[in-house]
Every structure is written in C-alpha cells, then in structure tokens.
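Chains, contacts and geometry: an overview
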Amino acid sequence: MPSEKKISSASDCISFMQAGCELKKVRPNSRIYNRFFTLDTDLQALRWEPSKKDPDKAKLDISAVKEIRLGKNTETFRNNGLADQISEDCAFSIIHGENYDSLDLVANSADVANIWVSGLRYLVSRSKQCLDLIEGSHNTPRFAWLRSVFEAADVDGNGIMMEDTAVELIKQLNPALKESKIRLKFKEIQKNKEKLTTHVIQEEFCEAYTELCTRPEVYFLLVQISKNKEYVDAKDLMLFLEAEQGVSHTTEEMCLDIIHRYEFSEEGQLKGFLAIDGFTQYLLSPECDIFDPAHKKVVQDMTQPLSHYYINASHNTYLIEDQVRGPADINGYARALKMNCRSIELDVCDGPDKQPILCNRNSMTSPISFLSVIEVINKLAFDSSEYPLILCLENHCSIKQQKVMVEQMKKVFGKKLYTGTPLASETYLPSPEKLKKKIIIKGKKLPSGEDFIEGEVTDEDEEAEISRRMSEEHVEESKTTWLCKELSDLVSICKSVRFIDFETSMKSQNYWEICSFSEAEASRIANEYSEDFVNYNKKFLSRIYPSAMRIDSSNLNPQDFWNCGCQIVAMNYQTPGPMMDLNTGWFLQNGGCGYVLRPSIMREEVSYFSANTKGIVPGVSPQVLHVKIISGQNFPKPKGACAKGDVIDPYVCLEVHGIPADCSEQRTKTVQQNSDNPIFDESFEFEINLPELAMIRFVVLDDDYIGDEFIGQCAIPLECLQTGYRHIPLRSFIGEIMEHVTLFVHIAITNRSGGGKSQRRSLSARIGMKTRDYTMLRNTTLKVVDDIFKLAVHPLREATDMREEMQNAIVSLKELCGLPPITSLKQCILTLVSRLVNSDNVPTVVLCMKDNFPYLEPLAALSDVQKKVLAAYELMIQESKVLIETADTVYDKIVQCQKAGMELHEELHNLGTKEGLKGRKLSKAIESFAWNITVLKGQGDLLKNAKNEAIENMKQVQLACLSCGLSKTGTGNLDTKSKQCLEAIQEKESGDENGKL
C-alpha cells in the first residue's frame, strides 16, 4: 500500500488525501500534467499545485462534486490520444458543476486511485458530517465486536492478556494467518509505543487484528456497494447480488440469511448488516467461488450418440512413473477412476501359472495380475460417474491366456459387460444415458459371418506404431496377432480398425468401429484436413494417444485435438503439468461425469466448422471476457525453490485456450516481496470466437525464483465461470486444492454481437454502420441452391442491424452515465435516475408505460445534460421495441430459407453432377452449402436470443425505475398499471418461448 498503514476505514482515506500525493491531470487536448493534490484540513475543498491560476481558483469545492467515476469513463478519457497508455484501474474522474464537467486524473497505482475515489465518495455522501468522522472511527460495529471478543477471552477481567493467548485468539478468528506474522505485528505495535512486554492490552489487540485482517481491496468494494457506509445492509447486498454477481430472483430474506451466516458481530446480526470482516468471509465462501455450482452436477443432454461427447481418457493407466522405467501399479487405475476417467488402458501379456498379467513392456518389472486389476476396476468403475467405462485392451496374450482373460472378465464384471450386437439399421452409437453402468471393451474383432474359433487380426494400434518407430527398417505391412473367438465376442461397439483416409472411412467404416491415431498422425490431419476431421468425428469415435517419443511420459496438448472433435484424447495421468491441468479443468464441467457434450456446430449433420478459422465462427456469437486480477491471498513459496527465504515476488499469468484464433496469454505486473496479500489491480480483455471450447487458466508464478517458479494454478471452462467478484481456489502442481490460497478477481462476459448465455451480461462493442461486419453467405455455384440462399441475404442483414442497434443504444446510454460497458443494465438505470433529479433530490421524471414499454416522462424543465441522458434512454427503449416487435417476422424468413435449403441436401451430388462439378469442386460446393446452413441456423438463434434478452432488459428497466420511486404513486411499490405491464412483458416472453421463438 502507498502508506505503511493499511487502509481500513474512511478516516484512513481522508488522512492520506490530506497528506496529498502526485496525480496526473488529463486535458481534452491530449496533454497530461503532473500536479500535487491535497484535501483541505477542513475537508471542504480539493487543491492542486503548481498552477497558473490564482491559488484560490486552483481548487474544487467538495460541495460542487456530483459524482466520482473510477476508470476511463468520460469524454476526455475516451477522446484523449494517449488514453490507450493509461491504465483503466489507475484512472478516475471527479464530475462537478451543473454541466457535469470532469476533472480527469490518473494515479500512480490502482491502490492510490481507490483511496481517492473511496475518500471523495465518502465526503460527497456525508457532506458536513465528515468533521466528526476521524474522531468516531473507533466507534464502529467492528471495534465493538473486537472488544467483546477480547473481553470474553480476558478471564481475569484485567483488560490485559498474554501475547500467546492473543496470538491464538487472532488465529482462531483468521486461520489463514501465520503465527510468526501475528507475533511480528505485536512487536511492531509495542515498539511504536516504546514498550517491551509479553502482555497485550485491548487497544493493541484491536489494532493488530485490524492491521492484519483488513484487505484494502475488499474495504474499497464494501464502501462502493454500500454507498459509502462502513457496512453492507440487506438492500445493498441485494443490489450487489443482482447487478454485480449475476444472481437472479434475490430477495431481502435471502440477503438476511447470508448476513446471519457470515456476520461476526452481534450488532450486525441483530440489525442485519455485514461489516468488513463478515463481508470478507462471505466473499471467501463457496457461494462466491468462481466455478458455477450448476456445473457441479450433470447439466448436459446425455441422450446424444457417444460420438458427440469428449471422453476423459487415460494412457498407460497402469503406470505411476515414466513409461520407460516405471513399474506397473494397480494404484494407477484407482487414481484414474477417482478422477472421473472413462477410458482406461490395459496392456495384457502372458504371465506365470497360466495367469495373464499387466506390466510395463519396456521394463517388464513389477507385473500385476490381470485379475487384481479388473477387480479394482469393477469396484471403482462407477463410484465417480455412472456413465459407461471404456476398457482399451492391448492384447499380447496367447490364445490360452486370452480365454482366461475372458473367463475372469465375465466372472468379475458380470452383467456390467456390454456385448450387445450393433444394429445395421442404426447409424450412430448408443448414448451415454443408454449405456449407464456398462463396461465397454475396445479391441480387435474377428471378421463377422464366419464361424472362427480363433484367427489372425492386424495389429495397427499403438503397439504396432511404437514398434515401427523403434525399428530401423520401416515395414509397411501390418503385423498380425492371434485372437480367440471368446475375446472377440466381448468387443461390441468399439471395434478397433485401421484408419486409411477420410474418403475410405466415410464409404466403408461402420459406426461401431473406432480408429486410434498417433499424436503425430493426428496433428498432421488436424493441420491439413481439420474440416474433414470434424465431420468424421460427428459419427465415429477417434482415440488419440501420445507420441512414442515421449519417453518421459509428458503430455500432449488435448485442446489441439478437442478442436477437431476428437473424443478420446489419452493423457498420462501420472505426469502433472499444464496439459494435465487443462484436461482436469475441462472435465470438471457437467458434474465431473467424464463426458462433455461437444458444441452443436461440431455435432450437427449439416454444419461447417474448421478449427483453423481465423475469426468469427459462422452462427456463433463471439464474446469478450473481461478479467480484473485484484489480489492474491496466502501464496506459498514454490515447492522446488531452493536457497531462498520465504519472500516471493508473485505475478499472475492468464492463458486462454481454445481454437487457435482464441488462444492468448497476458500477465500482470510483479508485486515485490508480498506473499500474504499482493495487490495487482490489473484488467484484461480476451475476445472469444467459440466460447463453448474455451478455457481460462490462471497461473501464479514467482518472478524471483531459484529452481522453481510455480506457485499455483486453476483451469476453468469459460462456460463454468461465474461473473462478478469471485475468489479462485488455487491448485498445487499435482492438482490438489491448497487451503486458504486464492486469487480475488472480477469477471464479466459481454457479447460482441448480441445474444448470450442466461444471466450473462450481453453488450456489444460499438460498431458503426459503415464498419459493421455481416456474416456472408457463400456461393455454391449450384444455381437452384444459390437462388434460395439469396432470399436470406436481406433478412440476415436486417437481423444483424437490429441486434447491433439495440446494443449500441445500450452502450451509448452507459457511456453518458459514465459507466463501463460491463456494467449491468440495472446499475445503469440506478445511475441514470440519480442524474434526473432536481436540487432537492426529487425525481424530475416519472415512469410511463406505453405499449408495455417503460418510457420516462419529464415532470419539470430539464437541463441540457438531463435532456441528453433522457434522449439516450429513449433511444435504448425504442431500439429494444423495434427488435422485440420485428424479430418474429425476420426469424421466419431466415428459417424458411434454411428449411428450403435443407430440402435440397440429399440432392447436392446429383445437382453438382448436372452442373459438371466433380472432385474438389463438388466438395467445395458441399462445404459452402454446409457453411450457409450453419450461418442461417446460427443467425436465427442469435436473433431469438437477442429478442429474449431485450424482453428481459425491459423487465429489469421497469423494476429498477419502480425501485427508485419513479411510479406515479411515488413509492417503490408497483401500482396496478405497472403490475399489469410487467405481467404483459412476462406473458410475452413465455408466449415466445412456447411459440415461434
């Protein structure tokens, strides 16, 4: 912090401002001046120097201040040529005078900006009462609670206790604190008082606790959401949950329940408020975890074909060390199954006493019996997930021991074994739902239709690929192995076959056959034929295994193959690191059941998707992820660090993983020598073109390391992020959650082009008509097809324009209110209403429902500034009205073109032949057709989502206006007409959901 003492109260902020500091003053002409700003001792004015003005004029009266804005949210900042070089978190503006003029300032750090903003807001809200502020700073509920804690522990009632007792007491109140740090704080306090004793008095106890347990960043947040109070009441908390945390349907009772569960003080419990300690406790609770609790259970459709899911898979499951020297270990299976793995590998060889064994075939050490392995598998198979488990059988046994394997599997697994004959009449694999509690054997199978007792099968899987690589002479012919009929019969819907090329597969491969690809082969195909790979994986399972050259059992990047739709990407579970972090994080979604449904664009029979796309994915709404890294808590020293003390210099790396166009990495500044509560206060933006495939990984590293820099990490799918202020529990290098080690962040997700996920904010960047991007349809060169698609060009442009105009109107309103785009609409309306008041703080407008839309009518003459704000509000309502009333008609036109196009789908080959197209040209025409169908479906969905969003916006706007007392009754209660209008909006929404949209 900028001062030695932590900021823990408004009086701390005011003391800092009175001492003064240097701030940069930003002018509209792109000039920036360094000035020294101070607050007068009587708290009545802000002054700066040097200045060409008279000293009495180089000041700003606090009474003239209208509002304080944090961030670059004025015209001066937006139009300044140097604005890009100014940190959002260090900028703030003081809005003053009747014309809402701005004094735009930049602090040297986000901490200093927060102090000025919090202090000034407090002064403006409290006005003359502030003179009593500094004197009464210790008469707060927090100090009353701390005194009661001390008195309860002071059994003798002497107002004094042993230092050991005081240390233990603070440890009980805040278990994350280190004992050494508490003792050091007591020594500092006593040294300042020039006394040396092992006893602690009440005042010293309260001072030590306040210094140690106050997180300034949480205090600034509390002051902000409580409208400059030292506590948050139920109404403040309700607004915070709705407007900031994205929690819908909150009630005052819910907020009081939160207060009762987290507030420490008896006064807070009785009066219903959270002081700083209770609020901190709430923010650290599971309720404010970054991971959306909805995804802790199965939330996806599990009735799709098996090929439509990513499946959590293990490679060389029997290993717990590297694949060259590591022994086989039964714990490898237990670990994988407990981590929700749904595809495991068994490398089986002939063993002694006619009993098959599993062993590392590279070292042949420490074999384990096949029977003991399948007994462990049977015991744990469905403990973590009830969905099907695939056993990838690498069979190197003789016929005799193969028969022993079969007997043992039948005996141990019993009815769990899935041996149903695949039906030729079906075209897709069964669903995970149908295969619940089933064990599926993947392996070789004898040719059907002939009554073999045993026979030869080709060995083109992983073992063959390894032997080819290890051989000096590359042999093209596949090796063969003998297989008994009994083992062949256990293989049903996962028959291993060799991949030749996509053309052969699409013609002759059966849906129950699975191909395994080496990492190198899969990488080549993904780079050269990514669209074909995606289409192949819509119907067939593909398994990717790590390169044989990874002798250290390192891991491939699973994202490279998920991007192409590959379902079973086998990971070396025994090797922790970034790639394993991604795999673990990815499969946390959908209840950690080991199955994740692929994006619809990668499942639908007629759709176009290429992992190598450079920009917008057709039919998918791009999103912007806004992340503010605020602070860290209790960072440990890197495990492998050597010859270094406990002090670390942490920084945070943010990695976005997804399709190549979305991959990005950024980092914060380094905080010197602070592991307990380093403040970063840095904001980042990431554009995400395919949100369903995106993950974000937070990594904390030590910038001054010796031997090891890793501190902790957390990888989360974008779909599982909760917006608002969140704590991220960090995991160690081996993936275990570390107690009390967290990152404090703010998350917002905005849409660049409308649409969006429920309870996610949906705003677009401002895109003018001249620069607007329209998703274009492609020419197929088939006249009858192109004539149909031409009919969709105008409706598509109309749909895009309506979405963009609504979003632009919302962003314009927020800018006029001095708010960033990530602000919720409800928060925007509350700020808007605060502008539309007269000198007596009485609203100058009233809510007037016209055609069920919430317009605002003036009650008196408005200033020019108020007229401008009201005009922006009316434009937002008007654009929303246009979209809501027109969306159905445009949507129908788009859907009709989509249906008409799909009617010609089966005829594409014949139409192409008639036009003289063949080979690559015919393939290109079919690809363009799939692109167009994808665009039509996607744009229709975006319009549907935009309409639902607009309806929800109107409801939120009306409720916000009513809560501000803008109804004609002048209260926050709903009058009869408002109730009817709100019900009409709700009926319209539910009617749309049941109707066309």
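Residues numbered from 1 in each chain as written. Predicted model: local features only at pLDDT ≥ 70, side-chain atom pairs only at ≥ 80, totals over all residues. Heavy atoms only, no water.

**Some words on the overall build of the protein**
Each helix and strand in the protein was counted, giving 29 helices and 34 strands. Buried positions account for 56% of the 997 residues belonging to the protein. Expressed as a percentage of contacts within the protein between residues at least 6 apart in sequence, the contacts between residues at least 24 apart total 69%. Just so you have it, the protein exposes about 43,300 Å², and 50% of that area is on carbon and sulfur atoms. (Helix = DSSP H or I, 4+ residues; strand = E, 2+ residues; numbered from the N terminus. Buried < 20%, exposed > 50% of the residue type's maximum accessible area, 1.4 Å probe, protein only. Contact = heavy atoms within 4.5 Å. Areas by Shrake-Rupley, 256 points an atom, 1.4 Å probe, with all protein chains shown as cover.)

**A closer look at the side chain of Gln304**
When you line up the elements, Gln304 lands in the loop between helix H12 (276–284) and strand S12 (309–314). A distance of 3.0 Å separates a polar atom in the side chain of Gln304 from a polar atom in the side chain of His308. Contacts of Gln304, omitting those with residues within four sequence positions, involve Tyr309, Pro430, Ser431, Pro432, Leu597 and Arg603. (Polar contact = N/O pair within 3.5 Å; in protein donor to acceptor, adjacent residues only side chain to side chain.)

**Some details on the packing of aromatic side chains**
All told, the structure shown has 28 aromatic pairs when counted by the stated rule. Residues Tyr310 and Trp586 carry aromatic rings whose centres are separated by 5.9 Å and whose planes lie at 75 degrees to one another, so their mutual orientation is edge-to-face. Of the two residues, Tyr310 is situated in strand S12 and Trp586 in helix H22 (residues 578–586); the sequence distance between them amounts to 276 residues. Judged by its relative accessible area of 0%, Tyr310 falls in the buried class. When its relative accessible area of 1% is taken as the criterion, Trp586 is described as buried. With centroids separated by 4.9 Å and ring planes inclined at 55 degrees, the aromatic side chains of Phe499 and Phe517 adopt a geometry described as tilted. Residue Phe499 is found in the loop between strand S20 (491–497) and helix H18 (502–508), and its partner Phe517 is found in strand S21 (residues 513–518); the two are separated by 18 residues along the sequence. (Phe/Tyr/Trp six-rings, centres within 6.5 Å; stacked < 30°, edge-to-face > 60°.)

**With respect to the sheet that holds strand S4 (residues 59–61)**
Pairing is antiparallel in the open sheet, where seven strands are placed in the order S4-S3-S2-S1-S7-S6-S5. Unpaired on one side and paired on the other, S4 and strand S5 (65–70) mark the two borders of the sheet. Taking the axes of each pair of neighbouring strands and ignoring which way they run, one obtains an average angle of 30 degrees across the sheet. Direction of pairing for strand S6 (residues 91–96) relative to strand S7 (residues 101–106): antiparallel, over a ladder of six bridges. Residue pairing for S7: Phe92 is matched across the bridge by Leu105. (Pairing = 2+ DSSP bridges. Axes fitted to C-alpha atoms, helices over the stretch in contact; angles between N-to-C directions.)

**Concerning the packing of helix H24 (residues 793–816) against helix H25 (residues 825–835)**
For the pair H24 and H25, interaxial distance at closest approach is 10 Å and the crossing angle is 45 degrees. Classed by the angle they form, the pair H24 and H25 counts as oblique. Two packed elements cross with a definite hand, and for H24 against H25 that hand is left-handed. Each of Ile810, Leu813, Lys814 and Leu816 in H24 lies in contact with H25, whose residues at this interface are Leu825, Cys828, Leu832 and Arg835. Tallied by class, the residues present in the contact of H24 with H25 amount to six nonpolar, no polar and two charged. (Parallel < 35°, antiparallel > 145°, perpendicular 65-115°, else oblique. Left-handed = near helix turned anticlockwise from the far one by under 90°. Nonpolar A, V, L, I, M, F, W, Y, C, P; charged D, E, K, R; others polar.)

**Re the environment of Ala715**
Within the fold, Ala715 resides in strand S30 (residues 710–717). Among the residues examined, Ala715 registers a relative accessible area of 7% and is labelled buried. Residues Ala715 and Val699 lie 16 residues apart in sequence; the distance between their C-alpha atoms is 8.5 Å. In this view, Ala715 contacts Asp581, Gly585, Met695, Ile696 and Arg697; residues no more than four positions away in its chain are not counted.

**A few points about the nonpolar core**
In terms of nonpolar packing, the biggest core is built from 79 residues, with Ile344, Leu346, Ile377 and Met409 touching the most fellow members. Here the element with the most residues in this core is helix H15 (residues 399–413); it accounts for six residues. Non-local contacts of Leu346, meaning those with residues more than four positions away in its chain, are made with Tyr333, Leu358, Phe370, Val373, Ile374, Ile377, Leu391, Cys392, Leu393 and Glu394. If you look at the next biggest cluster of nonpolar residues, it comprises 65 residues, including Met802, Leu904, Leu917 and Ala960. (Core = buried A, V, L, I, M, F, W, Y, C linked by side-chain atoms within 4.5 Å.)

**Quick look at helix H9 (residues 234–244)**
In terms of burial, H9 is largely enclosed, as eight of its 11 residues are buried. What H9 keeps buried is the set Ala234, Asp236, Leu237, Leu239, Phe240, Leu241, Ala243 and Glu244. Where H9 terminates, the next one or two residues include Gly246, which has phi positive at roughly 70 degrees.

**Observations concerning the pattern of salt bridges**
A full pass over the atoms with the stated rule returns 45 salt bridges. Two residues, Glu815 and Arg78, come together in a salt bridge whose shortest N-O distance is 4.0 Å. Pair noted here: Glu815 is in helix H24 and Arg78 is in helix H2 (residues 75–79), with a separation of 737 residues, a long-range link. Where Asp941 meets Lys937, a salt bridge forms, and the shortest distance between an N and an O atom there is 2.9 Å. Separated by four residues within a single helix, Asp941 and Lys937 lie in helix H28 (residues 920–963), roughly one turn from each other. The class for Asp941 is partly exposed, based on a relative accessible area of 24%. (Salt bridge = Lys/Arg side-chain N within 4 Å of Asp/Glu carboxyl O.)

**Quick word on the confidence of the model for the protein**
Of all residues in the protein, 90% attain a pLDDT of 70 or more, and the chain-wide mean is 86. At the low end of the mean pLDDT range in the protein sits helix H16 (residues 462–470), at 50; at the high end sits strand S24 (residues 595–597), at 97. Below pLDDT 50 for its whole length, residues 130–136 participates in 12 contacts with residues either more than four positions away or in separate chains. pLDDT under 50 marks residues 753–770. Its contacts with residues more than four places away, or in other chains, come to 72 contacts. (pLDDT = per-residue confidence, 0-100.)

**Focus: the pairing of S21**
The element S21 is largely enclosed, with a buried count of six among its six residues. Both faces of S21 are covered, namely the face carrying Glu513, Cys515 and Phe517 and the face carrying Ile514, Ser516 and Ser518. The sheet contact formed by S20 and S21 spans three bridges and is parallel. Bridged to Lys495 within S21 is Glu513. Where S21 and strand S22 (residues 542–545) come together, four bridges link them in parallel fashion. Each residue of the ladder has a partner; that of Ser516, found in S22, is Arg543.

**A short note on helix H19 (residues 519–528)**
Within the span of H19, buried status applies to Glu519, Ala522, Ile525 and Ala526. The buried residues of H19 occupy one face: seen down the axis, they fall within an arc of 130 degrees. Where H19 is buried, its residues meet H18, S21, helix H20 (530–537), S22 and helix H21 (558–562). (Arc of directions from axis to C-beta.)

**So, the pairing of S20**
A regular strand places its side chains so that they alternate between the two faces of the sheet. The element S20 is extensively covered by neighbouring structure, given that seven of its seven residues are classed as buried. Relative to S20, strand S17 (residues 439–443) runs parallel, the two being bridged by two bridges. Looking at the pairing, Ile441 lines up with Val491 of S20.

**Brief notes about unusual backbone geometry**
Look at the link from Glu49 to Pro50: it is a cis peptide, with omega at -5 degrees. Inspection of the secondary structure puts Pro50 in the loop between strand S3 (45–49) and S4. One non-glycine residue, Leu43, adopts positive backbone phi at about 65 degrees. On the basis of relative accessible area, Leu43 is assigned to the buried category, the value being 8%. Unlike most non-glycine residues, His740 shows phi in positive territory, near 70 degrees. Within the fold, His740 resides in strand S32 (residues 737–751).

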